[in-house]
Amino acid sequence: MHANVSGPHKKPLKQWDKNQEPPVCPVCHTKSVMSITKFGVTWVCRNEPGGKDCDTRVGCHKGTNIPLGTMAGAELRKFRSIAHDNFDFLWTHFIYELNITKHEARNETYNWLAEELKIPTKDCHIALFDIETCRRVAAICNPIKQKIKDELRNAKRKSCTN
């Protein structure tokens, strides 16, 4: 494949790394294959050890073949989704609360999360996390998310009664 490859989105890829090694499946330890889907480029394990599909995959940065993180099976993808749900609520709230850009809010929230998790900032990305770290993210972020939601609900009630 080359730089002009495009998926169903019909837009040329922004960056095509010809030297990009296929990610290795953490289940069966074979190299993944590239698949272009309606979501863009995805690395997928096609090995079927014991007659079962590993079901591991990783999406790529938009318009590229560069993985967003590590390959994940269904269970890890579920936990990453839960972690993202809690984390993304925070940084999107901060865009409005602090009147900062999406980029600033996301970076600042990832910096804060790295401190909370006691890991280097460069390693703090949900697409790199295992199940236990995703659980920790949810445990750290969910109470704050709930507090913000409660405050927003209370503010809405106050404005309705005035």
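Up top is the structure these notes are about.
Residues numbered from 1 in each chain as written. Predicted model: local features only at pLDDT ≥ 70, side-chain atom pairs only at ≥ 80, totals over all residues. Heavy atoms only, no water.

(A) Focus on the layout of surface pockets. Considering only enclosed or pocket space, the largest pocket measures out at about 390 Å³ in volume. In terms of lining, the largest pocket is formed by 16 residues, of which the most central are Gly59, Leu68, Arg80, His84 and Ala127. Mapped onto the lining of the largest pocket, the elements with two or more residues apiece are strand E3 (57-59) and helix H1 (74-97). Of the residues forming the lining of the largest pocket, the biggest block, 4 residues, is contributed by H1. When its residues are assigned to classes, the lining of the largest pocket shows 5 nonpolar, 7 polar and 4 charged. (1 Å grid on protein atoms, 1.4 Å probe; cavity = no way out; pocket = protein on both sides within 12 Å on 5 of 7 lines; lining within 4 Å. Points joined across faces, edges and corners; volume = space filled by probe spheres on them. Helix = DSSP H or I, 4+ residues; strand = E, 2+ residues; numbered from the N terminus. Nonpolar A, V, L, I, M, F, W, Y, C, P; charged D, E, K, R; others polar.)

(B) Looking closely at the packing of aromatic side chains. All chains considered together, the criterion is met by 1 aromatic pair. On the basis of an interplanar angle of 45 degrees and a centroid distance of 4.3 Å, the ring pair of Phe87 and Tyr110 is categorised as tilted. You can see Phe87 sitting in helix H1 and its partner Tyr110 sitting in helix H2 (residues 102-117), a full 23 residues away along the chain. For Tyr110, a relative accessible area of 6% corresponds to the buried category. The ring of Phe89 has Lys149 lying over it, and the distance from NZ or CZ to the ring centre is 5.7 Å. (Phe/Tyr/Trp six-rings, centres within 6.5 Å; stacked < 30°, edge-to-face > 60°. Buried < 20%, exposed > 50% of the residue type's maximum accessible area, 1.4 Å probe, protein only. Lys NZ or Arg CZ within 6 Å of the ring centre and 35° of its normal.)

(C) Representation of helix H3 (residues 131-161) within the structure. Taking 1.5 Å as the rise per residue, H3 with 31 residues should run 45 Å; its terminal C-alpha atoms sit 44 Å apart, in good agreement. Cys141 marks where H3 bends most, by close to 30 degrees; the proline Pro143 follows one to four residues later. Within H3, the full set of buried residues consists of Thr133, Cys134, Val137, Ala138, Ile140, Cys141, Lys145 and Ile148. The inward-facing, buried residues of H3 contact H1 and H2. (Expected span 1.5 Å × (residues − 1). Bend = angle between axes of the 7 residues up to and from the residue. Contact = heavy atoms within 4.5 Å.)

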